[in-house]
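A look at the structure
Take a look at the letters that make up each chain.
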Amino acid sequence: TGEILTLGTLADLYEKDGVHGRTEKYKVEQVAKLRRVVAIIGAERSVASLSRSDVDLFCTRRRAEKKDLRPNTLAGDIDG
């Protein structure tokens, strides 16, 4: 359609359609992870423009906001 897919729109679509057939706990956890990415990177950011530096920014900010963040937790936030 020529529309630019933003992180905010992607998160909305995932929350609406991307977690069918999963447990409620899984749905809540996965949507929360994606919303953390959106909050840090920005809802209006184009998905196509994401780069390694965005991952680095996300990791840096997550570590800053939660000092006792375990490496596996951070990896789970990124990998889903």
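Attention in this report is confined to the structure presented alongside it. Position labels on residues start from 1 in each chain and follow its written sequence. Given that the model is predicted, a residue must reach a pLDDT of at least 70 before its local features are reported, and side-chain atom pairs must reach 80 or more before they are shown or counted; all residues, however, enter totals for whole chains, interfaces and linings. For side-chain calculations, the full set of non-hydrogen atoms in the structure is used, while hydrogens and water are omitted.

Topic: the overall build of the protein
Selection rule: For helices the rule is a DSSP run of H or I covering at least 4 residues; for strands it is a run of E covering at least 2, with both sets numbered from the N terminus onward. The rule is simple: take the accessible area with a 1.4 Å probe, protein chains only, and divide by the maximum for that residue type; under 20% is buried, over 50% is exposed, in between is partly exposed. What makes two residues a contact is simply this: any of their non-hydrogen atoms within 4.5 Å. Only the protein chains shown count as cover for residues, and the accessible areas themselves come from Shrake-Rupley with a 1.4 Å probe. None of His or the chain ends enter the tally, which takes Lys and Arg as positive and Asp and Glu as negative. Every charge is mapped to an atom, namely NZ of Lys, CZ of Arg, CG of Asp or CD of Glu.
Per the secondary structure count, the protein includes four helices and zero strands. When the helices and strands of the protein are read in sequence order from the N terminus, they spell out α-α-α-α. The principal-axis extents of the C-alpha atoms in the protein amount to approximately 40 × 30 × 15 Å. Within the protein, the proportion of its 80 residues that are buried is 28%. Taking all contacts inside the protein whose residues are at least 6 apart in sequence as the whole, residues at least 24 apart take part in 48%. In the form shown here, the protein has an accessible surface area of approximately 5700 Å², with 53% of it arising from carbon and sulfur atoms. Side chains of the protein give 15 positive and 13 negative charges; the mean places of these two sets differ by 6 Å.

Topic: the nonpolar core
Put simply, the rule is: Take the buried Ala, Val, Leu, Ile, Met, Phe, Trp, Tyr and Cys residues and link them wherever side-chain atoms come within 4.5 Å; each set so joined is a nonpolar core.
In terms of nonpolar packing, the biggest core is built from eleven residues, these being Leu-7, Ala-11, Leu-34, Val-37, Val-38, Ile-40, Ile-41, Phe-58, Cys-59, Leu-69 and Leu-74. Among the secondary structure elements, those contributing two or more residues to this core are helix H1 (7–17), helix H2 (24–41) and helix H3 (52–65). In terms of residues, this core owes the most to one element, H2, which gives five residues. The contacts of Val-37, once residues within four sequence positions are left out, are Gly-42, Phe-58 and Asp-77.

Brief notes about H1
Which entries qualify depends on this criterion: This arc is taken over the directions from the axis of the helix to the C-beta atoms.
For H1, the set of buried residues is Leu-7, Gly-8 and Ala-11. All buried residues of H1 lie within an arc of 105 degrees about the axis, which places them on one face of the element. Looking at the packing, one finds that the buried side of H1 touches H2.

Focus: the packing of H3 against helix H4 (residues 71–79)
For the record, the criterion: The axes are straight lines fitted to the C-alpha atoms, using for helices just the contacting stretch, and the angles between their N-to-C directions are given from 0 to 180°. Any angle that falls under 35 degrees is termed roughly parallel, while one over 145 is termed roughly antiparallel, one within 65 to 115 roughly perpendicular, and all others oblique. Should the near helix be turned anticlockwise from the far one by less than a right angle, the crossing is left-handed, and should it be turned clockwise, the crossing is right-handed. Residue polarity is assigned by list, with Asp, Glu, Lys and Arg as charged and Ala, Val, Leu, Ile, Met, Phe, Trp, Tyr, Cys and Pro as nonpolar; anything else, Gly included, falls into the polar class.
Where H3 meets H4, the axes come as close as 11 Å, and the angle between the chain directions of the two elements is 140 degrees. The angle between the axes of H3 and H4 places the two elements in the oblique class. Of the two elements, H3 crosses H4, and the hand of that crossing is right-handed. Every residue of H4 that contacts H3 at Val-55, Phe-58, Cys-59, Arg-62 and Arg-63 is listed here: Thr-73, Leu-74, Asp-77 and Ile-78. Residues of the contact of H3 with H4, tallied by class, amount to five nonpolar, one polar and three charged.

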